[in-house]
Structures are given as C-alpha cells and as structure tokens.
Amino acid sequence: GAVVSQHPSWVICKSGTSVKIECRSLDFQATTMFWYRQFPKQSLMLMATSNEGSKATYEQGVEKDKFLINHASLTLSTLTVTSAHPEDSSFYICSAPEGAYQPQHFGDGTRLSIL
Amino acid sequence: DQQVKQNSPSLSVQEGRISILNCDYTNSMFDYFLWYKKYPAEGPTFLISISSIKDKNEDGRFTVFLNKSAKHLSLHIVPSQPGDSAVYFCAASAMGGTYKYIFGTGTRLKVLA
C-alpha cells in the first residue's frame, strides 16, 4: 500500500543548529503534505500545510522563519527547524493525502532533541 | 478553540469486552472522520474512517458510528484484545479528507488480560 517515509527518525543536536526533516510519498504523488508536532501526552497539532509549487500555509502561532517548509516535488516536502533551541524539542510528524475520502498516510515521525 | 474533543483521557476495559471511545466535534464543515491508533514515538496508524454521508462503517472488530445531528462519533472495538492497548485519536477533516486534519486530544485505552 501507499507509504510515507520520514527521515531522520531521531536527531540530537546542539542549540543553534538547523535541522532538516524529509517527508516522502513513496508510491503516490502529493501536491499537499501536512506537518504536525506532538508534545508528550498531548495531541497532534498541525503546524503547516506544505503546497507543491507554492508557499506553505502556517497555522496561527507557528513562526514561518523558524520552521521553513519546502515542497520541492510531488513526492517530497522538507521541514527545516532553523537555529533550534531546547524548546523546539518535540516529535514532528508529516502526512500526505492520497485522494478524497481516503485516509492520509503518516510518516513514522522524527524525534528532535536539542541540547 | 478545540474543534475536536475526546472527553475521556483514559479507558480501561477487560479483555473480550467492548471498548467504546467517543469524540465530539463542532465544525459543520467536517465531512470525513477517522480513528487512528498511536504508540509513543511512532506515527499514527489508520484504523477506520467514515464520510458524512454514512452513519456507520464496520471493519472487522472496529465499527465507527457517526451522529451528525449531535456532532458525535464513536469507535467500538469488539472484542477488545490486550494488543489494542494504545492511544486512540479521532480526526476530522473537510473537503473529503484532503484538507488538514484536526485531531482530538486522545484516549488512552488499556485492555486488561
């Protein structure tokens, strides 16, 4: 079946560095992908909608310059956490819809730990 | 403004019995609803979905019921198994699910052997 691949699955880095997370749809094309963030014991909160060929749409309260999103092709979206700080430590998950009235496929998530 | 709510943060059920997880929503534009199962540090795993033109969808041990007038949906798991123990999220979307998902707060299900 359709699969969404997310990479890396786990990142530990120093404060101030930038981290790039990739989300790929493996056997279908996705003009739209979604990026979520989950804090421990909380729900998945949508951060932004990634649109192929145009700018991402950010949810209220999400810093555009902090979380850079690029939808380079119909199968790849990237999220870059710029100048990461400990408060950015979280679990980041992407998803992609395959079509109407079909469940979105989720990646396995990326655990980001900023020291 | 929490558009999708799961009012029970946790639920314990004996193995073999029915588990009922509930979800309420407020946005009338939602037309596609889903249930996902999630383990820590993993992405959500799709369980079952329902479109707004239906009031029931069944897949094996899982049945989802939708009450549009009450803006309420529920997931029934029968019979419950210890392997069902996880956090369950309901999600709602507009535009047939191609739009962003709004997730509920989750219900932690524990099935006791």
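Before reading on, note that the structure itself is shown above.
Throughout what follows, the structure given in this document is the object of discussion. Residue positions are given per chain, counted from 1 along the sequence in the order it is written. The order in which chains are written sets their letters, starting at A; the order in which ligands are written sets their numbers, starting at 1. Note on the predicted model: pLDDT of at least 70 is required for a residue's local features to be given, and 80 or more for side-chain atom pairs to be given and counted; whole-chain, interface and lining totals, by contrast, use all residues. Hydrogens are left out, water is left out, and the side-chain values use all remaining heavy atoms of the structure.

### Some words on the interface of chain A and chain B
Reasoning step 1: We call two residues in contact whenever any of their non-hydrogen atoms come within 4.5 Å of each other. Residue-level contacts link 21 residues of chain A with 21 residues of chain B.
Reasoning step 2: Summed over both partners, buried area is the accessible surface (1.4 Å probe) that two parts give up on being assembled. For the pair chain A and chain B, the two sides together bury roughly 1700 Å², of which 61% comes from carbon and sulfur.
Reasoning step 3: In terms of surface lost to chain B, no three residues of chain A exceed Tyr101, Pro103 and Phe106 of chain A, which account for 31% of the buried area on that side.
Reasoning step 4: Salt bridges are identified by distance alone: a Lys or Arg side-chain nitrogen within 4 Å of an Asp or Glu carboxyl oxygen. Applying the counting criterion to the chain A and chain B interface returns one salt bridge.
Reasoning step 5: Across the pair Lys100 of chain B and Glu59 of chain A runs a salt bridge, and its minimum N-O distance is 3.1 Å.
Reasoning step 6: In the analysis that follows, any N or O atom pair within 3.5 Å is treated as a polar contact, provided that within protein one partner can donate a hydrogen and the other can accept it, and provided that, for residues neighboring in sequence, both atoms belong to side chains. Summed over the shared surface of chain A and chain B, the result is nine residue pairs in polar contact (both at pLDDT 80 or more).
Reasoning step 7: Numbering of helices and strands runs from the N terminus; a helix is a DSSP stretch of H or I covering at least four residues, while a strand is a stretch of E covering at least two. Secondary structure elements with two or more residues in the side of chain A that touches chain B: strand S4 (32-38), strand S5 (44-51) and strand S9 (90-96) of chain A.
Reasoning step 8: Per-element tally for the side of chain A that touches chain B: the top contributor is S4 of chain A, with three residues.
Reasoning step 9: Residue classes follow a fixed rule: Ala, Val, Leu, Ile, Met, Phe, Trp, Tyr, Cys and Pro count as nonpolar, while Asp, Glu, Lys and Arg count as charged, and any other residue, Gly among them, counts as polar. Considering only residue class, the side of chain A that touches chain B consists of eleven nonpolar, seven polar and three charged.

### Let's talk about the sheet that holds strand S6 (residues 56-59) of chain B
Think of a sheet as strands paired side by side through backbone hydrogen bonds, with each pair either parallel or antiparallel.
All names here are of chain B.
Reasoning step 1: When DSSP locates at least two bridges between a pair of strands, those strands are taken to pair. The five strands lie next to each other as S1-S3-S8-S7-S6, forming an open sheet whose pairing is antiparallel. Strands at the two margins of the open sheet, each flanked by one partner only, are strand S1 (4-5) and S6.
Reasoning step 2: In this structure, strand S7 (residues 62-67) lies alongside strand S8 (residues 72-77), joined through six bridges in antiparallel fashion. Residue Thr63 lies in a different strand from S8, and its bridge partner there is His76.

### Brief notes about a nonpolar patch on the surface
Reasoning step 1: A residue counts toward a patch only above 30% relative accessible area and without a salt bridge, and it is joined to like-charged neighbours within 9 Å or, for Val, Leu, Ile, Met, Phe, Trp and Tyr, to nonpolar neighbours within 5 Å. Only the protein chains shown count as cover for residues, and all accessible areas are computed by the Shrake-Rupley method using a 1.4 Å probe. A grouping of Trp10, Ile12 and Leu115 of chain A is seen on the molecular surface, where their side chains present a nonpolar patch of about 390 Å² in accessible area.
Reasoning step 2: Relative to the helices and strands, Ile12 of chain A is located in strand S2 (residues 10-13).

### Comments concerning the environment of Lys68 of chain B
Residues and elements named next belong to chain B.
Reasoning step 1: Structurally, Lys68 is set in the loop between S7 and S8.
Reasoning step 2: Lys68 sits 13 residues away from Asp55 along the chain, and the two C-alpha atoms are 7.9 Å apart.
Reasoning step 3: Apart from the residues lying within four places of it in its own chain, the contact partners of Lys68 are Tyr25, Ser52 and Lys54.
Reasoning step 4: From its side chain, Lys68 meets the backbone oxygen of Ser52 in a polar contact 2.8 Å long.

### Examining unusual backbone geometry
Reasoning step 1: His7 of chain A connects to Pro8 of chain A through a cis peptide bond whose omega is 0°.
Reasoning step 2: One can find Pro8 of chain A in the loop between strand S1 (4-7) and S2.
Reasoning step 3: Cis geometry marks the peptide bond from Val78 of chain B to Pro79 of chain B; its omega dihedral reads -10°.
Reasoning step 4: Mapping Pro79 of chain B onto the fold places it in the loop between S8 and strand S9 (86-93).
Reasoning step 5: For Ala41 of chain B, which is not glycine, the phi dihedral falls at a positive 60°.
Reasoning step 6: With respect to the helices and strands, Ala41 of chain B occurs in the loop between strand S4 (32-38) and strand S5 (45-51).

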